[in-house]
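# Overview (structure and organization)
In case you want the letters, here they are:
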Amino acid sequence: MQMDEVARRGLVLLGCGKMGSAMLAGWLEGGLPKQSVTVLDPKPSEWLQKQGVRLNEELPEDPAIVLVAVKPQMMGDALPSMQAKGNGSTLFVSVAAGTPIATFEQALGESTPIVRAMPNTPSAIGRGITAIIGNAHATPEQVDLAEELLRAVGQVVRLESEDQMDGVTAVSGSGPAYVFHLIETMAKAGEEQGLSPELALQLATATVAGAGALADGSDEHPGKLRENVTSPNGTTQAALDVLMNEKDGFPVLLSRALKAAADRSRELANG
């Protein structure tokens, strides 16, 4: 029913970079008619130009949804052009990092229905996780619709308050970079143990990807999975004694890192 209304009234995608493209691909695969989608993007990719959607054409009169996927620094230019669609029945969904709901309410009108979303980069391959929160004017049906659209690129979770976005940013928004750095440092340490750079990188990448998939697909807590790999007084135990050290191991380091990310998120949101 919800997607029928989107097909009838139209969907506007403001910005179509990697994240926008991944979502659009998911929607079209899910059966959303191409002519129901209007994409506004000053530099459309070759892929986008071949999709058969309405590209840089006049906007629908009363679109069901406007999904804002421009970079945060482009927001000041992009939002004023959408002002005419505010304070109505059009739902605005933002996947722009660090832009609070209040910014949208100021630009579009205070009674505009708005859902703020924080996806992460694995969304580009359909393995993302997105946190969402609606403002007071977004109806339960509209928040459901936002969730349905964002499920095209992975899992969706709902927050209880917008304040939680800073913690989400620290864990899942910025988190892929921590994992990439883990792969980098594991590979470098492997080289120090006599492996070639290529072999060390292949081993590290496959191990992190495989362990992540195992954790994602298992009903067991990651702590239990860790214990399953750890023989008493074995090689894994020797490594974990270093990594789990309460003075300078993973727990204290990651706690500091995530706090720094969350603090910076709060700073950016406050201008």
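The structure under discussion appears in the preceding block.
Residues numbered from 1 in each chain as written. Predicted model: local features only at pLDDT ≥ 70, side-chain atom pairs only at ≥ 80, totals over all residues. Heavy atoms only, no water.

### Let's talk about the side chain of threonine 38
Looking at the element boundaries, threonine 38 is found in strand β2 (residues 37–40). Using a relative accessible area of 0% as the deciding quantity, one classes threonine 38 as buried. For threonine 38, the side chain forms a polar contact with the side chain of arginine 54, separated by 2.5 Å. With residues up to four places along the chain from it excluded, the contact list for threonine 38 reads Leu11, Val12, Leu13, Arg54, Glu57, Glu58, Leu59 and Pro60. (Helix = DSSP H or I, 4+ residues; strand = E, 2+ residues; numbered from the N terminus. Buried < 20%, exposed > 50% of the residue type's maximum accessible area, 1.4 Å probe, protein only. Polar contact = N/O pair within 3.5 Å; in protein donor to acceptor, adjacent residues only side chain to side chain. Contact = heavy atoms within 4.5 Å.)

### Let's talk about the pairing of strand β6 (residues 114–118)
Where burial is concerned, most of β6 is hidden: five out of the five residues are buried. Every second residue of β6 is oriented toward a common face, with Ile114, Arg116 and Met118 on one face and Val115 and Ala117 on the other, all of them buried. By the bridge criterion, three bridges tie strand β5 (residues 91–94) to β6 in an arrangement that is parallel. Note that in β6 the partner of valine 93 across the bridge is valine 115. What joins β5 to β6 is helix α5 (residues 101–108), and the crossover it makes is right-handed. Alignment of β6 against strand β7 (residues 128–134), held across four bridges, turns out to be antiparallel. Within the sheet, the bridge partner assigned to alanine 117 lies in β7 and is isoleucine 132. (Pairing = 2+ DSSP bridges. Right-handed = clockwise from strand over helix to strand, strands pointing away.)

### Details of the nonpolar core
Core analysis: the biggest nonpolar cluster contains 32 residues, and Leu11, Leu13, Leu24 and Trp27 have the highest contact counts within it. Setting aside residues no more than four positions away along its own chain, leucine 24 makes contact with Leu13, Cys16, Val37, Val39, Trp47, Leu48 and Val53. Grouped together as the second largest cluster of nonpolar side chains are 21 residues, Ala78, Met82, Phe92 and Leu108 included. (Core = buried A, V, L, I, M, F, W, Y, C linked by side-chain atoms within 4.5 Å.)

### Re the packing of helix α1 (residues 2–9) against helix α6 (residues 140–150)
Direction vectors running N to C along α1 and α6 enclose 85°, while the axes themselves pass 10 Å from each other. What the angle tells us is that α1 and α6 run roughly perpendicular. Each of Gln2, Met3 and Val6 in α1 lies in contact with α6, whose residues at this interface are Glu141, Gln142, Asp144, Leu145, Glu148 and Leu149. Grouping the constituent residues of the contact of α1 with α6 by class yields four nonpolar, two polar and three charged. (Axes fitted to C-alpha atoms, helices over the stretch in contact; angles between N-to-C directions. Parallel < 35°, antiparallel > 145°, perpendicular 65-115°, else oblique. Nonpolar A, V, L, I, M, F, W, Y, C, P; charged D, E, K, R; others polar.)

### Considering the sheet that holds β2
Here we have eight strands laid out as an open sheet, ordered β3-β2-β1-β4-β5-β6-β7-β8, and mixed in their pairing. Only two strands of the sheet have a single neighbouring strand rather than two, namely β3 (54–55) and β8 (154–158). Running over the sheet, helix α2 (residues 18–29) touches β1 (11–14), β2 and β4 (65–68) and is turned about 160° from β1. Sheet strands in contact with α6 are β1, β4, β5, β6, β7 and β8, and its direction is about 155° off that of β8.

### Topic: helix α9 (residues 197–217)
With 21 residues, α9 extends 30 Å between its outermost C-alpha atoms, agreeing within 8% with the 30 Å of an ideal straight helix rising 1.5 Å per residue. The complete set of buried residues in α9 reads Ala200, Ala204 and Val208. Each buried residue of α9 lies within a common arc of 55° when the element is viewed along its axis, so the set occupies one face. Exposed positions of α9 whose direction lies more than 90 degrees from the buried face are Glu198, Gln202, Ala209, Leu214 and Gly217. Packed against the buried residues of α9 are α8 (175–192). (Expected span 1.5 Å × (residues − 1). Arc of directions from axis to C-beta.)

### A look at the side chain of aspartate 41
Here aspartate 41 lies in the loop between β2 and α3 (46–49). Lysine 43 provides the closest opposite charge to the buried, unpaired aspartate 41, separated from it by 8.4 Å. Polar side-chain contacts of aspartate 41 include one of 2.7 Å to the backbone nitrogen of cysteine 16. Sequence-distant contacts of aspartate 41, defined by excluding residues within four places in its chain, comprise Gly15, Cys16, Gly17, Leu48 and Asn56. (Lys, Arg positive; Asp, Glu negative; His and termini not counted. Salt bridge = Lys/Arg side-chain N within 4 Å of Asp/Glu carboxyl O.)

### Here we look at unusual backbone geometry
A positive phi angle, close to 55°, is found at asparagine 56, a residue other than glycine. Relative to the elements of secondary structure, asparagine 56 occurs in the loop between β3 and β4. Given the relative accessible area of 43%, asparagine 56 is considered partly exposed. Within the chain, asparagine 87 stands out as a residue other than glycine whose phi angle is a positive 60°. As for its position among the elements, asparagine 87 is in the loop between α4 (75–78) and β5.

Geometric descriptors of this kind do not, in isolation, establish any biological role.
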